[in-house]
Each structure stands twice: as structure tokens, then as C-alpha cells.
Amino acid sequence: ESYLCDGRGQNHLHSTRQSLPEKLQRRMLQLLGGVFPCGLRSYRIGKSASAACKLCGKMETPSHILCQCSSLHDIITASHDKIWRRLFEHLQGSLPNWLLFYDQPIGGMALAELSAPLPGSVRRKKPDGVAQQSSQNECFLLEFTRTTDFWSTSLDAARVRKEDKEGYIDMLDALRDRLPGWNVQLLTFVLGDRGLMDERLWRANLTKLGLAPPKQTAFLRMAQIGAYEVVDDILKVRAALLHALHE
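Residues numbered from 1 in each chain as written. Predicted model: local features only at pLDDT ≥ 70, side-chain atom pairs only at ≥ 80, totals over all residues. Heavy atoms only, no water.

Enquirer: Where do I start with the side chain of Arg146 in this structure?
Expert: You can see Arg146 is positioned in strand E3 (residues 138-147). A distance of 2.8 Å separates a polar atom in the side chain of Arg146 from the backbone oxygen of Leu66. The contacts of Arg146, once residues within four sequence positions are left out, are Leu66, Cys67, Ile76, Ser79, His80, Ile83, Leu191, Asp193, Val230 and Ile234. (Helix = DSSP H or I, 4+ residues; strand = E, 2+ residues; numbered from the N terminus. Polar contact = N/O pair within 3.5 Å; in protein donor to acceptor, adjacent residues only side chain to side chain. Contact = heavy atoms within 4.5 Å.)

See below:
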């Protein structure tokens with residue numbers, strides 16, 4: 001199966017690579033070339049008697065290290081947050097006419113023109129972000145997801161999971177009831193651990209936010225650079241944990 005499908009952001013990977021330090025360029029080539037060091041690869045080439053992760057015991061693939069290992073949960077979560085914060089700050093600087101709210105309970109956001117208070121069950125829910133523009137009657141929930149992209153269906157599957165998540169459905173329904181006549185939508189941004197993405201969807205979402213195509217390209221590139229910067233963060237934590245096991 002080809003992992004680098006059309007429209008998955010691969011057109012930007014060359015320029016993204018040029019923006020990375022040499023060490024991360026090597027990581028990119030390893031990940032895209034299928035030679036990223038992991039338990040499964042070591043087992044297949046005869047360097048290890050087992051493909052199991054030394055931290056949690058499950059089969060160790062690149063996706064396992066970068067997105068799934070329970071022993072790396074904290075740094076994997078921090079990696080998501082690091083990329084999203086940078087992207088959100090970029091939106092803040094690019095969208096002066098929007099009210100933007102970052103990663104907080106929706107009940108604590110000073111949303112404009114609600115016809116009634118949000119119900120308590122919704123007020124506690126925390127989207128990754130909200131963008132509101134009263135002049136155009138638009139309110140968008142922003143959801144950023146970092147996931148594996150080693151299967152061609154992985155990005156779409158992650159997007160569907162978010163769109164079908166009960167919490168987002170509840171928030172959308174409550175906002176639509178309290179913002180009659182407004183365009184209320186969920187905008188999902190799904191980034192693969194190798195920097196792949198559904199470029200058409202990302203650009204469609206950024207167009208809804210009023211971002212011009214050149215700025216969209218810069219936004220996509222920033223996301224891909226972030227994807228590879230956090231690979232190094234995760235591997236440093238993993239190396240420290242493996243070292244501690246042998247002390």
C-alpha cells in the first residue's frame with residue numbers, strides 16, 4: 001500500500017525537510033522510507049529476538065513509539081499540545097477580526113451574542129479552540145488531532161472519531177440553539193506522525209477562517225515542522241526511560 005497518497009501534504013515535505021536541522025531530516029527520511037529504528041524492524045532484520053516494546057511489552061512499530069505507547073503517554077500528549085499551541089498562536093496573529101479561545105472549558109469563554117446560557121453539561125466541555133466572528137455570524141469549534149499516518153485510512157478514521165464524538169455533538173447542538181442564524185461548525189485538523197495530512201480539508205478549513213492561500217501554505221508547513229520536532233522530544237524521553245530500566 002502506498003502511504004504517500006495524493007492530497008496528504010506530501011508536496012510540502014521537501015520544503016519542510018529543508019527547514020529542519022540535519023538530525024530531524026534523517027528522522028524524516030527514516031520514517032518515510034520505512035527504516036525508522038524500532039523493535040519490529042530490529043526483529044525483522046535479525047538484530048532482536050523480539051519485536052516487543054521494552055517499556056510496555058506491545059509490538060513496537062514507529063506508530064507505537066510516536067503515538068501509542070502507554071509508557072510514553074505524557075510526552076505524546078505534550079507533543080500534541082506543543083504543535084497545537086504553535087498553530088493556534090499563528091492563527092491569533094493572522095486573524096485579527098476573530099475572537100479566538102484556546103483550550104479551556106467552553107463555559108468560561110466570553111462568546112458573543114448567545115441567546116441563553118449554555119447548559120452545565122456543555123459548559124464543562126473543553127474544545128482545543130473556538131473561533132468566533134460576529135460580523136459574519138460564524139462560530140467554529142477547532143479540533144487538532146495528532147495520530148498515526150502509517151495507513152492510508154488513518155487520518156480519515158481519526159477525523160471521523162472526532163466528528164462523531166458525543167462531546168462535540170453536544171457543543172455544536174447547544175451553540176446552534178443559542179446562535180440562531182449563525183454558521184456553527186466543527187473544523188478538524190488531523191496531523192499524522194510523519195507530517196501527512198488531508199491537505200484539501202486543512203485548506204478548506206483555513207479558507208473558512210479567511211486565511212489566504214500563501215498563509216495556508218505557511219500554516220501547513222509549520223504543522224509538518226512541528227510533527228518532526230516532537231519526534232525528537234519523544235525519542236529523548238524514551239531513551240531516558242530505557243536507560244533507567246538498565247540501571
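After that view of the structure, there is still more to cover.
Enquirer: Hey, could you run me through the packing of helix H2 (residues 22-33) against helix H10 (residues 213-245) in this one?
Expert: Between two packed helices, both the angle of their axes relative to each other and the distance between the axes serve to describe the pair. Their axes nearest at 9 Å, the elements H2 and H10 cross at an angle of 95°. Relative to H10, the element H2 is oriented roughly perpendicular. Note on element contacts: H10 touches H2 through Tyr228, Glu229, Val231, Asp232 and Leu235, opposite Lys23, Leu24, Arg27, Met28, Leu31 and Leu32. (Axes fitted to C-alpha atoms, helices over the stretch in contact; angles between N-to-C directions. Parallel < 35°, antiparallel > 145°, perpendicular 65-115°, else oblique.)

Enquirer: For this particular structure, what's the right way to read the layout of surface pockets?
Expert: Any empty space left between the atoms is revealed when a probe the size of a water molecule rolls over them. Of the voids in this model, the largest pocket is the one considered here, and its volume is about 400 Å³. Surrounding the largest pocket, 18 residues form its lining, Leu40, Arg44, Thr61, Pro62 and Phe150 being those nearest its centre. (1 Å grid on protein atoms, 1.4 Å probe; cavity = no way out; pocket = protein on both sides within 12 Å on 5 of 7 lines; lining within 4 Å. Points joined across faces, edges and corners; volume = space filled by probe spheres on them.)

Enquirer: I tried to follow the nonpolar core on my own but got confused; where do I start?
Expert: Of all hydrophobic cores here, the largest spans 55 residues; its most connected members are Leu91, Leu142, Trp202 and Leu209. In terms of residues, this core owes the most to one element, H10, which gives 11 residues. With residues up to four places along the chain from it excluded, the contact list for Leu142 reads Trp84, Phe88, Leu91, Pro127, Asp128, Gly129, Val130, Ala131, Tyr168, Leu187 and Phe189. Within the second largest apolar cluster, 18 residues are counted, among which are Phe101, Val122, Val130 and Leu172. (Core = buried A, V, L, I, M, F, W, Y, C linked by side-chain atoms within 4.5 Å. Buried < 20%, exposed > 50% of the residue type's maximum accessible area, 1.4 Å probe, protein only.)

Enquirer: Mind showing me how you'd approach the packing of aromatic side chains here?
Expert: Two aromatic rings are characterised by how far apart their centres lie and by the angle between their planes. Under the defined criterion, the tally for this structure stands at seven aromatic pairs. On the basis of an interplanar angle of 10° and a centroid distance of 5.8 Å, the ring pair of Trp84 and Phe144 is categorised as stacked. Taken as a pair, Trp84 in helix H5 (residues 73-94) and Phe144 in strand E3 lie far apart in primary sequence, 60 residues in all. Residue Trp84 is classed as buried on the basis of its relative accessible area, which comes to 1%. (Phe/Tyr/Trp six-rings, centres within 6.5 Å; stacked < 30°, edge-to-face > 60°.)

Enquirer: What am I meant to see in the sheet that holds strand E4 (residues 183-192) here?
Expert: Through backbone hydrogen bonds, the strands of a sheet pair up, either in parallel or in antiparallel fashion. With respect to topology, four strands assemble into an open sheet ordered E1-E2-E3-E4, the strand pairing being mixed. At either margin of the open sheet sits one strand with a lone partner, and together these are strand E1 (99-102) and E4. With direction set aside, neighbouring strand axes in the sheet form an average angle of 20°. Both E3 and E4 contribute to a ladder of 10 bridges, which runs parallel. From the neighbouring strand, Thr145 faces E4, where its bridge partner is Val190. Relative to the sheet, H5 contacts E1, strand E2 (129-133), E3 and E4, its axis offset from that of E3 by approximately 145°. Strands E3 and E4 of the sheet are contacted by helix H9 (residues 199-208), whose axis makes an angle of about 140° with E4. (Pairing = 2+ DSSP bridges.)

Enquirer: Got a minute to help me understand the pairing of E3 in this structure?
Expert: Walk down a regular strand and you will see the side chains alternate between the two sheet faces. With respect to burial, E3 is a largely interior element, 10 of its 10 residues being buried. Side-chain alternation along E3 places Glu138, Phe140, Leu142, Phe144 and Arg146 on one buried face and Cys139, Leu141, Glu143, Thr145 and Thr147 on a second face that is also buried. Relative to E3, E2 runs antiparallel, the two being bridged by five bridges. Its bridge partner lying in E3, Gln133 is registered against Glu138.

Enquirer: Even after reading the chapter, I still don't get the confidence of the model for the chain, so can you show me in this structure?
Expert: A low pLDDT means the predicted coordinates there should not be read in detail. Of the residues in the chain, 95% reach a pLDDT of 70 or more, and the chain-wide mean stands at 91. In this model, residues 1-5 is a region of pLDDT below 50 whose contacts with residues beyond four sequence positions or in other chains number 12 contacts. (pLDDT = per-residue confidence, 0-100.)

Enquirer: When you look at the pattern of salt bridges in this model, what are you seeing that I'm missing?
Expert: Once the charged atoms of two side chains with opposite charge are near each other, the side chains can pair. The tally for this structure, following the rule as stated, stands at 12 salt bridges. A salt bridge links Asp103 to Lys126; the shortest N-O distance between them is 4.0 Å. Of this pair, Asp103 sits in the loop between E1 and helix H6 (120-123) while Lys126 sits in the loop between H6 and E2, and the two are 23 residues apart along the sequence. Lys126 gets classed as partly exposed once you look at its relative accessible area, which sits at 48%. The residue Lys162 makes a salt bridge to Glu143 at a minimum N-O spacing of 3.3 Å. One end of the pair, Lys162, is in helix H7 (residues 154-163); the other, Glu143, is in strand E3, with 19 residues separating them in the sequence. A residue is classified by how much of its surface remains accessible, and Glu143, at 3% relative accessible area, is buried. Overlapping salt bridges, with partners in common, bring together Lys23, Asp232 and Lys236 in one network. (Salt bridge = Lys/Arg side-chain N within 4 Å of Asp/Glu carboxyl O.)

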